[in-house]
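Summary of structural features
Here is what each chain is made of, one letter per residue.
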Amino acid sequence: MTNELDSIFMRQALALARKAAKLNEVPIGAVITCNNVVVAEAFNLKESTQNPIGHAEILAIQEASLLKSNWRLSDCTLYVTLEPCILCVGAIIQARVGRVVYGAKDPKAGAIESVYQIFKDKKLNHTPTIESGVLENESAVLLKSFFKALREMRLSQ
């Protein structure tokens, strides 16, 4: 159930996504909280690091695990501006993240409900609670404007 804290933490994830955009990274931001306290935050760094796993969710999960000295994040909530992809859903499962809150759906690579529904697989040993559509419009607009600007820049070259 979406609450005021979900909006607050999603706004923080959106601020991180804007930082990513300034670095010409796909604007996706992630925040991890435990007991409503931020323990990790990250944004996409795939282009900057030339690392295919430089996704905001992966980086935030790594940071939270280090801070907590525990790879199990079952008492944590991951806030992310875009529906996680297959790679990130795998990391969410491996880290046992307790709850995932995301903004916009990803019709090209979303692995929670848009393209794949990985958490519906009953064979999995972990399924987090999911909340979608939190500040969905703000997240979608940020992504759409980023890709529109990128296309316009490529056309003008």
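That block above? That's the structure.
Reading guide: rules and limits
Residues numbered from 1 in each chain as written. Predicted model: local features only at pLDDT ≥ 70, side-chain atom pairs only at ≥ 80, totals over all residues. Heavy atoms only, no water. Axes fitted to C-alpha atoms, helices over the stretch in contact; angles between N-to-C directions. Helix = DSSP H or I, 4+ residues; strand = E, 2+ residues; numbered from the N terminus. Parallel < 35°, antiparallel > 145°, perpendicular 65-115°, else oblique. Left-handed = near helix turned anticlockwise from the far one by under 90°. Contact = heavy atoms within 4.5 Å. Nonpolar A, V, L, I, M, F, W, Y, C, P; charged D, E, K, R; others polar. Salt bridge = Lys/Arg side-chain N within 4 Å of Asp/Glu carboxyl O. Buried < 20%, exposed > 50% of the residue type's maximum accessible area, 1.4 Å probe, protein only. Pairing = 2+ DSSP bridges. Disulfide = S-S within 2.5 Å.

Some words on the packing of helix H3 (residues 56–68) against helix H4 (residues 86–95)
Packed helices, taken two at a time, are described by the angle their axes make and the gap between the axes. Running from N to C, H3 and H4 cross one another at 20°; their axes reach a closest spacing of 9 Å. As far as their axial angle goes, H4 and H3 are roughly parallel. Seen along the crossing, H3 lies across H4 with a hand that is left-handed. Counting all contacts with H3, which are made through Glu-57, Ile-58 and Ile-61, the residues of H4 involved are Leu-87, Cys-88, Ala-91, Ile-92 and Ala-95. Looking at side-chain class alone, the contact of H3 with H4 contains seven nonpolar, no polar and one charged residues.

Considerations on the pattern of salt bridges
A pair can form between side chains of opposite charge whenever their charged atoms are brought close. By the definition in use, this model includes four salt bridges. We note a salt bridge from Asp-6 to Arg-99, for which the minimum N-O separation is 2.7 Å. Of the two residues, Asp-6 sits in helix H1 (residues 4–22) while Arg-99 sits in strand S4 (residues 99–104), which places them 93 residues apart along the sequence. Its relative accessible area of 0% is what places Asp-6 among the buried residues. Measuring nitrogen to oxygen at the nearest pair gives 3.9 Å for the salt bridge that ties Lys-123 to Asp-121.

Some words on the sheet that holds strand S3 (residues 76–82)
Pairing is mixed in the open sheet, where five strands are placed in the order S2-S1-S3-S4-S5. The open sheet terminates on both sides in strands that have one partner only, identified here as strand S2 (37–43) and strand S5 (129–132). For this sheet, the mean inter-axis angle between neighbouring strands, taken without regard to orientation, is 15°. With six bridges connecting them, strand S1 (residues 29–34) and S2 associate as antiparallel partners. By the bridge assignment, Cys-34 is partnered in S2 with Val-37.

A few points about the state of the cysteines
Counted by the stated rule, this structure contains one disulfide. The disulfide partner of Cys-34 is Cys-76, and the S-S distance across this bridge is 2.1 Å. On the sign convention where negative means left-handed, the S-S torsion of about 60° between Cys-34 and Cys-76 marks this disulfide as right-handed. Within this pair, whereas Cys-34 is found in strand S1, its partner Cys-76 is found in strand S3, the two being separated by 42 residues in sequence. On the basis of relative accessible area, Cys-34 is assigned to the buried category, the value being 7%. Lacking any disulfide linkage, Cys-85 is separated from the closest cysteine sulfur, that of Cys-88, by 3.8 Å. Using a relative accessible area of 15% as the deciding quantity, one classes Cys-85 as buried.

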